[in-house]
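# Summary of structural features
Residues per chain, in single letters:
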Amino acid sequence: MKVLITGANGLLGQKLVNLLTTKPHIEVVATSRGPNQIACDAATYTYRKLDITQLDQVNRVISQEKPDVIIHTAALTHVDQCEEDQETCWLLNVQSVQHMIQAAEKYGSFFIHLSTDFIFSGKKGPLHEEDEPMPVNFYGQSKLEAERLVMKSKLPYAIVRTVLVYGVTPHMSRSNIILWVKESLEQHKKIQVVDDQYRTPTLAEDLAMGCYLIAEKRAQGIFHISGEEMMTPYQMALATAAFFQLDAKLITRTNSNRFKQAARRPPKTGFIIDKARKMLNYHPHSFKEGIQIVSEQLNSLKNMLI
Ligand SMILES: NC(=O)c1ccc[n+]([C@@H]2O[C@H](COP(=O)([O-])OP(=O)(O)OC[C@H]3O[C@@H](n4cnc5c(N)ncnc54)[C@H](OP(=O)(O)O)[C@@H]3O)[C@@H](O)[C@H]2O)c1
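To start, this report covers the structure provided alongside it. Small disclaimer: the values here were computed from a predicted structure and weren't measured.

### Things to note about the pattern of salt bridges
Enumeration over the complete set of coordinates arrives at 13 salt bridges. A salt bridge links E205 to K15; the nearest nitrogen and oxygen atoms lie 2.8 Å apart. Note that E205 is positioned in helix α7 (residues 204-217) and K15 in helix α1 (residues 11-20), a separation of 190 residues in sequence. K15 gets classed as buried once you look at its relative accessible area, which sits at 7%. The closest approach of N and O atoms between D117 and R199, which form a salt bridge, is 4.0 Å. Here D117, found in the loop between β5 (110-116) and α5 (138-152), pairs with R199, found in the loop between β8 (191-194) and β9 (202-203); they are 82 residues apart in sequence, far enough to count as distant. With relative accessibility at 2%, the residue D117 sits in the buried group. Overall, the relative accessible area of 4% leaves R199 in the buried class. Connected through salt bridges with shared partners, the residues K2, R48 and E65 form a single ionic network.

Given below as structure tokens:
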């Protein structure tokens, strides 16, 4: 089975390459814009530059590779940047998805599309796959429109929605909650963390596993793939401080209305993952286990650098 990954330099993309290259029956084609940043034995996969905004590049790579499965992770994931630069957001998160669909339709590739809890209003949670979407920001609108394009396409597809992904890789274009809290407290910086937003944080390895299980089973439809503990960022910060034995007194509890951010955030999301559990045998790690895994990876990265 040949699997082509877009956005392979990203957090999920790198975890997918790490996981799929351990499966002898899978041939991995990792694609991203710019040079290869993936920390994985280069002999185990092919890397190709692919800017998804460029239709000619998308057509060329897909027609040459003819993948059985495409896992489309590439996106503009900075929520405030999407609000401030809506044109770029739409180009990356919507028009480029149409490029991928157009190219893939010629080969009938199974299309696994990554989406988000931010398609929901945040008025209630945790959420089922069938709950009504109602985004409160432009990032959410763009990802919802992309879902509609995928559903309207002629492709066999799965839409994988996820929530607040955390993890570590050697090359990261953006931080995430555990890394930010750990680094801030290690530098004795005071941080304010909101206690009025609810999420089910997702270990990047678990998300990669969810995508792999979907690809293996050719499971079609919408899947909620996340952790299963409903927590506020403040609770996540306290758990991180406790795990790394850092000073929790540096963490101040606050509310989202005290922050000026370009994009509104949905207050309460989080997912019910029963469908993934039953249909895919998907079983995520607990948040504490997730921190432990990140901690072990940080230690081995440190050892690599010494
Ligand atoms: N992270 C979360 O908390 C979260 C939550 C819900 C849903 N999701 C969804 O999950 C997916 C993966 O997220 P992630 O955390 O892995 O994101 P990420 O770390 O930001 O990775 C996205 C990747 O896409 C690449 N990319 C950007 N523009 C591109 C282009 N024009 N052509 C090709 N590649 C391009 C980026 O390249 P550069 O490295 O060059 O920037 C980056 O490597 C996304 O679809 C996102 O919407 C993420």
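### Here we look at the site of the ligand
The local shell around the ligand holds 25 residues, among which D51, T77, Y139, K143 and V165 are the closest. One of the backbone nitrogen or oxygen atoms of L11 is found 3.0 Å away from an oxygen atom of the ligand. At 2.9 Å, a backbone N or O of T73 approaches an oxygen atom of the ligand. Bound to the protein, the ligand loses 89% of the 910 Å² it would expose on its own. When contributions to the shell around the ligand are tallied by element, the ones reaching two or more residues are α1, β5 and α5. With three residues, the top contributor of residues to the shell around the ligand is β5. Looking at side-chain class alone, the shell around the ligand contains 11 nonpolar, 10 polar and four charged residues.

What counts, and at which threshold
Residues numbered from 1 in each chain as written. Predicted model: local features only at pLDDT ≥ 70, side-chain atom pairs only at ≥ 80, totals over all residues. Heavy atoms only, no water. Salt bridge = Lys/Arg side-chain N within 4 Å of Asp/Glu carboxyl O. Helix = DSSP H or I, 4+ residues; strand = E, 2+ residues; numbered from the N terminus. Buried < 20%, exposed > 50% of the residue type's maximum accessible area, 1.4 Å probe, protein only. Near = heavy atom within 4 Å. Polar contact = N/O pair within 3.5 Å; in protein donor to acceptor, adjacent residues only side chain to side chain. Areas by Shrake-Rupley, 256 points an atom, 1.4 Å probe, with all protein chains shown as cover. Nonpolar A, V, L, I, M, F, W, Y, C, P; charged D, E, K, R; others polar.

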